Amino acid sequence: MGQGDWQKAGQKGGIPGGLGSGRKWWKDAVIYQIYPRSFQDSNGDGIGDLQGIIRRLDYLEALGVDAVWLSPVCKSPQDDNGYDISDYQDIDPMFGSLEDMEQLIAKAGEHGIRIIMDLVLNHTSDEHPWFLEAKSGKDNPYHDYYVWRDGEPGAPPNDMRACFGGSAWEWVPQLGQYYFHQFSVRQPDLNWDNPKVRQEIYEMIGWWMEKGVGGFRLDVIDQIAKAPDEKITGNGPMLHTYIRELSRETFQKGDLVTVGEAWGASPELAKLYSCPDGSEFSMVFQFEHIELDKQEGKQKWDLAPLPFLKLKEVLNRWQVSLYGCGWNSLFWDNHDLPRIVSRWGDDGKYRAESAKMLATLLHGMQGTPYIYQGEELGMTNVKYPIEDYRDIETRNMYRERVQAGYREEEVMASIYAKGRDNARTPMQWDGSENAGFTNGEPWIRVNPNYRDINAANQVGVPGSVFEYYRKLVALRKGYPVLTDGRFKLLLEEDEKVFAYLREDEGHRLLVLCNFFGEPAKCNLIASWEKETLLIGNYEDAGAGPGPEEAGILRPYEARMYLAKKG
Ligand code: GLC
Ligand code: CA
């Protein structure tokens, strides 16, 4: 299936806002992220795979999502779980074959779901043929595909550090040179200043577009235009020049959704990235709201409580700044982040309530919402002994910090709170052994709470977190004010309640969220009680409050009201 076949393929009578209507389909879309190794194993090797995903397409259609972003499935030695690609045009045998991928694209299309691939363009694996060539000699035509500096052993060009620990420079004795890597030693950075590199990348992307993918997520895209001599990694001087060329040469030739991962994005930069003229991407993932619970200027491992008022301030700023001149992505979770319910909700007594509250807050805002696998079930963080963690970032950090004299308990507390494996434990499908994820030995331990928290307990079960998400997704399709309405923060200084309005010509929509485990007074309720309650996470909300409950939001209570104007 090629580009533009959506109207034919979609079993839902075509995708709203598809080609020709002028409106971008991804503005009304909800996107689901799959971390393939942890989603569904189909052959008992303990690792999720493409056939496993195909098996679960009914589940995704039931949730109502429009597209699925797959974390990398290309060929890879898996040093960083696939974010180290050794062949961009083949599938890793662990996940299946190219035929499986083509089948997934086609079958997903029958369910009205587009497949979004993860493009890792900042670096390759050290086993990529380009890198093998590059390090075979300074005059090899591929040498300049990577970033090299002459030097002496033991004296790297500067003191830059890699994200996963250690120096960002790795010595190659036979060349008398260092190569640059922002991530692990096995993820050498590509040299985007070399036009041949860019050209090869564009051709590869065109090849995937021909296969009918619905879009791309661009891994650490703000780091491609690095300038290591100036110690610049993110937002390099040539960044937007390269991105515009990339977009022109590839994405603009199709009707794709594109989302760049940009840790260093400000709203001003995001306006460039997501400019409505389509010159760069559809949108970016920004992380300002995600980085709030760490100590100022420190690493994510250096924990700090969530500053609630700051969260409001940040989300408000993004909503307001991008209105009409950019587009937000809306997310709490991904494969690099801890589970939101354990982070800013309560994964104990109020797990379901707080999971739904956080979902309401996010899905009520303007932008394209993303759901990370298991978030729609209220899946939680884990606490494992260190041997059970698989993530390279977590393991390296543990070693470095223990060596540096941190107390073991302190290091483990950081891992429990922020480790990436929190998001990577197997999807909890049912209460059978290994949560229905695999018949074999899972590559990473299943969260022990799977008998309680799983899809089988929730799909079709009124009041479940899953059904709540399903309803939120459906609301977005039914009420244009959710897509287009202007955002206005209310109760800015309220220390417990996050409240905002959305407004278009015909409607006003109010979202109220109590972020805490105690009741919270909210004087907005009185004037909205008579309006339509679109969704709420307490069953009797809107039924008319008892006298002592009037004007009160219960622990983690969320409500979304709709009022007709005029
Ligand atoms: C991105 C990915 C992360 C990966 C890193 C290096 O941040 O989301 O999982 O480790 O890039 O590719
Ligand atoms: Ca498998």
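For the structure, see preceding data.
Everything quoted here is computed from the prediction, not taken from an experiment.

Asker: Explanation requested: helix 12 (residues 392-403) in the structure shown.
Answerer: What sets the pattern is the α-helix's 3.6 residues per turn: residues three or four places apart point alike. Its 12 residues place the ends of helix 12 17 Å apart at the C-alpha level, agreeing with the 16 Å of an ideal helix rising 1.5 Å per residue. Structurally, helix 12 contributes buried residues whose contacts are with helix 13 (408-418). Regarding helix 12, its N-cap is Asp 391, as a side-chain oxygen of that residue lies 3.2 Å from the backbone nitrogen of Glu 393 further along. At the exit of helix 12 stands Gly 405, carrying a positive phi of roughly 95°.

Asker: Please explain the layout of surface pockets as it appears in this structure.
Answerer: Rolled over the atoms, a probe sized like a water molecule indicates the empty space that remains. By volume, the largest pocket is sized at about 1200 Å³. Lining the largest pocket are 45 residues, with Cys 163, Phe 183, Trp 263, Lys 300 and Glu 393 sitting closest to its centre. Looking at which element gives the most residues to the lining of the largest pocket, the answer is helix 12, with 5 residues. Computed from the structure, the second largest pocket encloses a volume of approximately 330 Å³. Counted by class, the lining of the second largest pocket contains 7 nonpolar, 8 polar and 5 charged residues.

Asker: I would appreciate a short explanation of the coordination of the calcium ion (ligand 2) in the present structure.
Answerer: For a metal with four donors in a tetrahedral arrangement, the ideal angle between donors is 109.5 degrees, while six donors in an octahedron ideally sit at 90 or 180 degrees. Protein coordination of the calcium ion (ligand 2) is provided by Asp 41 (OD), Asn 43 (OD1), Asp 45 (OD), Ile 47 (O) and Asp 49 (OD), with donor distances spanning 2.2 to 2.4 Å. Coordination of the calcium ion (ligand 2) draws on donor residues from a single chain, spaced D-x1-N-x1-D-x1-I-x1-D in sequence. Taking relative accessible area as the criterion, Asn 43 reaches 53% and is therefore assigned exposed.

Asker: How should the pairing of strand 16 (residues 507-514) be read in this particular structure?
Answerer: Consecutive side chains of a regular strand alternate in pointing toward one face of the sheet and then the other. With respect to burial, strand 16 is a largely interior element, 6 of its 8 residues being buried. Pairing geometry for strand 15 (residues 497-503) and strand 16, over 7 bridges, is antiparallel. Its bridge partner being in strand 16, Ala 499 is matched across the sheet by Leu 512. Between strand 15 and strand 16, which pair antiparallel in sequence order, lie 3 residues. Bridging between strand 16 and strand 20 (residues 558-564) involves 7 bridges; their strand directions are antiparallel. Of the residues in strand 20, the one forming a bridge with Leu 512 is Arg 559.

Thresholds, definitions, all that
Residues numbered from 1 in each chain as written. Chains lettered and ligands numbered in written order. Predicted model: local features only at pLDDT ≥ 70, side-chain atom pairs only at ≥ 80, totals over all residues. Heavy atoms only, no water. Helix = DSSP H or I, 4+ residues; strand = E, 2+ residues; numbered from the N terminus. Expected span 1.5 Å × (residues − 1). Contact = heavy atoms within 4.5 Å. Polar contact = N/O pair within 3.5 Å; in protein donor to acceptor, adjacent residues only side chain to side chain. 1 Å grid on protein atoms, 1.4 Å probe; cavity = no way out; pocket = protein on both sides within 12 Å on 5 of 7 lines; lining within 4 Å. Points joined across faces, edges and corners; volume = space filled by probe spheres on them. Nonpolar A, V, L, I, M, F, W, Y, C, P; charged D, E, K, R; others polar. Donors = N, O, S within 2.8 Å, 3.2 Å for Na, K, Ca; no water. Buried < 20%, exposed > 50% of the residue type's maximum accessible area, 1.4 Å probe, protein only. Pairing = 2+ DSSP bridges.

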